[in-house]
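Understanding the architecture of this molecule
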Amino acid sequence: LEPFRRGAFVIAARLGIPILPVPQYFNPQKGFEVAVLEPIHPQPGMSREEFTEIASSTREKMQNWLDEAKGR
């Protein structure tokens, strides 16, 4: 995955809604595999660095799931 930008996290914080990470992978033997990861709850008033960190950690969690899915 490419690095995530923080804009969606800023918008979610302003609207008071969670972000639901949903990675998907096409397994040639099984078809599409989808995971629903834990919701992310960005908070209003977070700093730019905090939004950048939450975007980065969300990307990392999704990438880890994709790496595991490819190994199955």
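Everything quoted here is computed from the prediction, not taken from an experiment. Along each chain, numbering runs from 1 in the same order as the chain's sequence is written. Confidence filtering applies because this is a predicted model: local features only for residues at pLDDT of at least 70, side-chain atom pairs given and counted only at 80 or more, and all residues used for totals across whole chains, interfaces and linings. Neither water nor hydrogens contribute to the side-chain values; these are computed over all heavy atoms in the structure.

1. Digging into the confidence of the model for the chain
Under the convention used in this document: Per residue, pLDDT measures the predictor's confidence, with a range of 0 to 100. Secondary structure counts use DSSP, requiring at least four H or I residues in a row for a helix and at least two E residues in a row for a strand, with both numbered from the N terminus.
A residue-level look at the chain finds 100% of positions with pLDDT of 70 or above and a mean pLDDT of 96. The secondary structure element of the chain with the lowest average pLDDT is strand E1 (residues 24-27), at 95, and the one with the highest is helix H1 (residues 7-15), at 97.

2. Structural notes on a nonpolar patch on the surface
Heads up, the condition is: In this scheme, patches are assembled from residues that exceed 30% relative accessible area and form no salt bridge. Like charges are connected within 9 Å, while nonpolar side chains (Val, Leu, Ile, Met, Phe, Trp, Tyr) are connected within 5 Å. Reported accessibility uses the Shrake-Rupley method at a 1.4 Å probe radius. Residues are deemed covered only where the shown protein chains occlude them. Salt bridges are counted wherever a side-chain nitrogen of Lys or Arg sits within 4 Å of a carboxyl oxygen of Asp or Glu.
A cluster of nonpolar side chains, namely Leu 20, Val 22, Phe 26, Phe 32, Val 34 and Val 36, defines an oily patch on the protein surface of about 620 Å² accessible area. Mapping Val 34 onto the fold places it in strand E2 (residues 31-34).

3. Description of H1
Basically, it comes down to this: Partly exposed residues are those whose accessible area sits between 20% and 50% of the maximum for their type, while under 20% is buried and over 50% is exposed, using a 1.4 Å probe and protein chains only. The arc in question is traced by the directions running from the helix axis to the C-beta atoms. The contact criterion used throughout is that any non-hydrogen atoms of two residues lie within 4.5 Å.
Taken as a whole, H1 has its buried residues at Phe 9, Ala 12 and Ala 13. Viewed along the axis of H1, the buried residues span an arc of 100°, placing them on a single side of the element. Those residues of H1 that are exposed and aimed more than 90 degrees away from the buried face are Arg 14 and Leu 15. If you follow the buried residues of H1, they end up packed against helix H2 (48-71).

4. As for the nonpolar core
For the record, the criterion: Residues belong to a common nonpolar core when they are buried Ala, Val, Leu, Ile, Met, Phe, Trp, Tyr or Cys residues joined through side-chain atoms within 4.5 Å.
Counting 8 residues, the largest nonpolar core consists of Phe 9, Ala 12, Ala 13, Ile 19, Ile 40, Phe 51, Ile 54 and Ala 55. Elements with a contribution of two residues or more to this core: H1 and H2. When near neighbours in sequence (up to four residues on either side) are disregarded, Phe 51 contacts Arg 6, Phe 9, Val 10, Ala 13, Pro 42, Gln 43 and Met 46. By size, the runner-up hydrophobic cluster in this structure holds 5 residues, among which are Tyr 25, Ala 35, Trp 65 and Ala 69.

5. Notes on the environment of Leu 20
Here Leu 20 is to be found in the loop between H1 and E1. Note: C-alpha distance between Leu 20 and Val 36 (16 residues apart in sequence) is 7.1 Å. Contact partners of Leu 20, with chain neighbours within four places excluded, come to Val 36, Leu 37 and Pro 39.

6. Describing the pairing of E2
To be explicit about the condition: Any two strands with at least two DSSP bridges between them are considered paired.
For E1 and E2, the ladder comprises 4 bridges, and the chain directions are antiparallel. Across the sheet, Phe 26 pairs through a bridge with Phe 32, a residue of E2. Where E1 folds back onto E2 in an antiparallel hairpin, the turn is made up of 3 residues.

7. Some remarks on the environment of Ser 57
With respect to the element layout, Ser 57 can be found in helix H2. Classification of Ser 57 by relative accessible area gives partly exposed; the value is 23%. Between the C-alpha atom of Ser 57 and that of Phe 4, which follows or precedes it by 53 residues, the distance is 9.3 Å.

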